[in-house]
Amino acid sequence: QVQLVESGGGLMQAGASLRLACAASGRTFSSYVMGWFRQAPGKEREFVAAISRNGGIRSYADSVKGRFTISRDNTKNTVYLQTNSLKPEDTAVYYCAASPKFFRDTYASIPMYDYWGRGTQVTVSS
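Here is a short report on the structure shown in this document.

So, how was this worked out
Residues numbered from 1 in each chain as written. Predicted model: local features only at pLDDT ≥ 70, side-chain atom pairs only at ≥ 80, totals over all residues. Heavy atoms only, no water. Buried < 20%, exposed > 50% of the residue type's maximum accessible area, 1.4 Å probe, protein only. Helix = DSSP H or I, 4+ residues; strand = E, 2+ residues; numbered from the N terminus. Pairing = 2+ DSSP bridges. Disulfide = S-S within 2.5 Å.

A few words now on the pairing of strand E4 (residues 33-39). Summarising burial for E4: 6 of the 7 residues are buried, a large majority. Examined bridge by bridge, E4 and strand E9 (residues 92-99) share 7 bridges and lie antiparallel to one another. Residue pairing in the sheet places Phe37 in a bridge with Tyr95 of E9. With 5 bridges joining them, E4 and strand E5 (residues 46-51) adopt antiparallel strand pairing. Note on E5: the bridge partner recorded for Met34 is Ile51.

Written out as structure tokens, the structure is:
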């Protein structure tokens, strides 16, 4: 079992910087592919970014490519999502997720991930 806890959300101004963190329990963090998803009110949960076990592969949704960066620190059992150019359309609840599978072309699919955090709200005002 893996427990995930997101932090770093809040009310932000458009153009501001943000760094979200997701802390994972357990001793096998490095065995998991990690992903970030987000969900706005009335919308489906959507993929944001994913990172392989050793951080060697990083993938992003087109909506955030070039603006968001995913990273991980396996010594701290933590995965991060950061940007320095928030937009109002980034407003959503952000979730981190963990998958025991290898990094494959299913990295953006919700069913790939077995464990989910409870989310952190990010609200971006113009």
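Enumeration over the complete set of coordinates arrives at 1 disulfide. One disulfide bridge connects Cys22 with Cys96, the sulfur atoms lying 1.9 Å from each other. Taking the sign of the S-S torsion, about 50° here, the bridge from Cys22 to Cys96 comes out right-handed. You can see Cys22 sitting in strand E3 (residues 18-24) and its partner Cys96 sitting in strand E9, a full 74 residues away along the chain. Cys96 matches Cys22 in its accessibility class, with the two residues each being buried.

Read these as geometric descriptors, not functional statements.
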